Amino acid sequence: MKVCSFLPAATRMLYDMGLQDLLYGVTFECPEEALAEKPKLVRCIMEGKNYSSKEIDTVFSAAKAQGKSLYYVEEDLLQGIAPDIIFTQDTCEVCQIDTKCTAAAVAKLKHRPQIIPLTPGNLEDVYTTAITIATAVGREEVAYRYLADLQKRTDTILDTLRQNRMPLKRVSLLEWIEPMYNCGHWIPFQIAQAGGIDMLSNPGGDSIVISWEKIKRYDPEVMIIAPCGFHIHRAAEELHLLTEKEGWSDIRAVRTGQVFLCDFDLFTQPSASTLVDGIEMLAALFHPDGFTLPEHLKKKTISWQPTVASI
């Protein structure tokens, strides 16, 4: 069986479950080990360019308004592989190639593969996608072992929160800086499982533009800045767009030193293991007296300081 993944989260889960030998092609944004071993089948016309948040939003918004995609498939490579299965998605046409674009490329193939869209809306849906992936390749049992290990990690966090009666922290997690977007889909559920609540979020639905005035009125105890597609140093370059806003220094999270930049792939890349990593990170940030940040996650977050933009 030959599998191609047009979704970084699917690629991550294939590797996590030990199924990477079935993988014959990936996207340009897939995990590093996949990019080192597998051909890149999906590319983006903005790949390698260093646009600002506002410029990225403008380009993608214009393309969406015109019904165009910024992603394309290396059709000759795909033809040569002749895959049996392609995993794709319809959750966000901005972040990744969608099923419609995938189907257009597949229509030109002599050998028509099965297209399996993975479109989770909440955290439980993400876990279910692992089962969908493993079942599609005839290895359903590995998904249950994979998920059982992840369940132990989240159960430990929930048990600690309950046993110590830790209060919910009032949180605001931003998926984008300019314009500001709240968090949606599975991220509010991650926040809840880490001992927080984001009342500006959209659980199970798309993230939406949010006003600075609303954030000021909400006055979060903890702010998490995790722009989609940005690692912490890239996000730090644009943090001034927030810190220069009127009233920034009055926000409780700012006054108490509870503003954190975090790598996007703990949140907006919906693979089961990375989202559990994100829950563990959030628990340690929300309740540092009760949780220790795992060693492998320490380089994926930084606490905001007035000089952070110069990193």
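Anything mentioned here points back to the structure above.
In short, a report on the structure. Everything quoted here is computed from the prediction, not taken from an experiment. Each residue is numbered by its place in its chain's sequence as written, counting from 1. Local features in this predicted model are restricted to residues whose pLDDT is 70 or higher, and side-chain atom pairs enter the listing and the counts only when it is 80 or higher, whereas totals over whole chains, interfaces and linings include all residues. Hydrogens are left out, water is left out, and the side-chain values use all remaining heavy atoms of the structure.

It is worth spelling out the overall build of the protein chain at this point. Elements are defined by DSSP. Helices are runs of H or I of four residues or more, strands are runs of E of two residues or more, and each kind is numbered from the N terminus. The secondary structure content of the protein chain amounts to 13 helices and 13 strands. Taking 2.2 N^0.38 as the reference for a compact globule, 311 residues should give roughly 19 Å; the C-alpha atoms of the protein chain span a radius of gyration of 20 Å, in line with that estimate. For the protein chain, the C-alpha atoms occupy an extent of roughly 60 × 45 × 30 Å along the three principal directions. Each of the 311 residues in the protein chain was classed as buried or not, and the buried ones make up 53%. When contacts within the protein chain are restricted to residue pairs at least 6 apart in sequence, long-range pairs at least 24 apart make up 68% of them. Just so you have it, the protein chain exposes about 14,200 Å², and 51% of that area is on carbon and sulfur atoms. The charge count treats Lys and Arg as positive and Asp and Glu as negative. His and the chain ends do not count. Working definition for charges: the position is that of NZ of Lys, CZ of Arg, CG of Asp or CD of Glu. One finds the centroid of the 31 positive side-chain charges in the protein chain at a distance of 1 Å from the centroid of its 41 negative side-chain charges. The atom set for the radius of gyration is the C-alpha atoms, and the globule formula is 2.2 Å times the number of residues raised to the power 0.38. Only protein chains enter the calculation, and the probe is 1.4 Å; a residue is then buried if its accessible area is under 20% of its type maximum, exposed if over 50%, and partly exposed in between. Note on contacts: a residue pair qualifies if any of its non-hydrogen atoms lie within 4.5 Å across the two residues. The protein chains shown are the only cover counted for residues, whose accessible areas, like all others here, come from Shrake-Rupley with a 1.4 Å probe.

The next point concerns the sheet that holds strand 7 (residues 169-174). In sheet architecture, strand pairing relies on hydrogen bonds along the backbone and comes in two forms, parallel and antiparallel. Ordered by their spatial adjacency, five strands build an open sheet running 9-7-11-12-13, and the pairing between neighbours is mixed. Sheet topology places strand 9 (196-197) and strand 13 (301-303) at the edges, where each strand pairs with a single neighbour. As judged from the two bridges shared by strand 7 and strand 9, these two strands associate in the parallel manner. Each bridged residue has a counterpart across the sheet, and for Lys169 the counterpart in strand 9 is Gly196. Interaxial angle, 0 to 180 degrees, is taken between N-to-C directions of lines fitted to C-alpha atoms, where a helix line uses only the stretch in contact. Where helix 13 (residues 272-286) meets the sheet, it contacts strand 7, strand 9, strand 11 (222-225), strand 12 (259-262) and strand 13, and its direction lies at approximately 145° from that of strand 11. Criterion used throughout: strands pair if DSSP finds at least two bridges between them.

Moving on, we get to unusual backbone geometry. Trans peptide bonds make up the majority, and among non-glycine residues the majority have a negative phi. Going from Glu178 to Pro179, the amide bond is cis rather than trans, its omega being 0°. Looking at the secondary structure, you find Pro179 in the loop between strand 7 and strand 8 (184-185). Phi is positive for Arg165, close to 50°, though the residue is something other than glycine. Structurally, the position occupied by Arg165 is in the loop between helix 7 (140-163) and strand 7. The phi dihedral of His185 falls on the positive side, at around 50°, and the residue is not glycine. The topology assignment puts His185 in strand 8.

Quick look at the sheet that holds strand 6 (residues 114-117) now. Read across the sheet, six strands follow the order 4-3-2-1-5-6 without closing on themselves; strand pairing throughout is mixed. The open sheet is flanked by strand 4 (71-73) and strand 6, the only strands paired with a single partner. Sheet twist, expressed as the mean angle between neighbouring strand axes with direction ignored, is 15°. Against the sheet, helix 1 (residues 8-16) contacts strand 1 (3-5), strand 2 (23-27) and strand 5 (85-88), and its axis sits at roughly 145° relative to strand 2.

The values reported here are purely geometric and, on their own, carry no functional implication.
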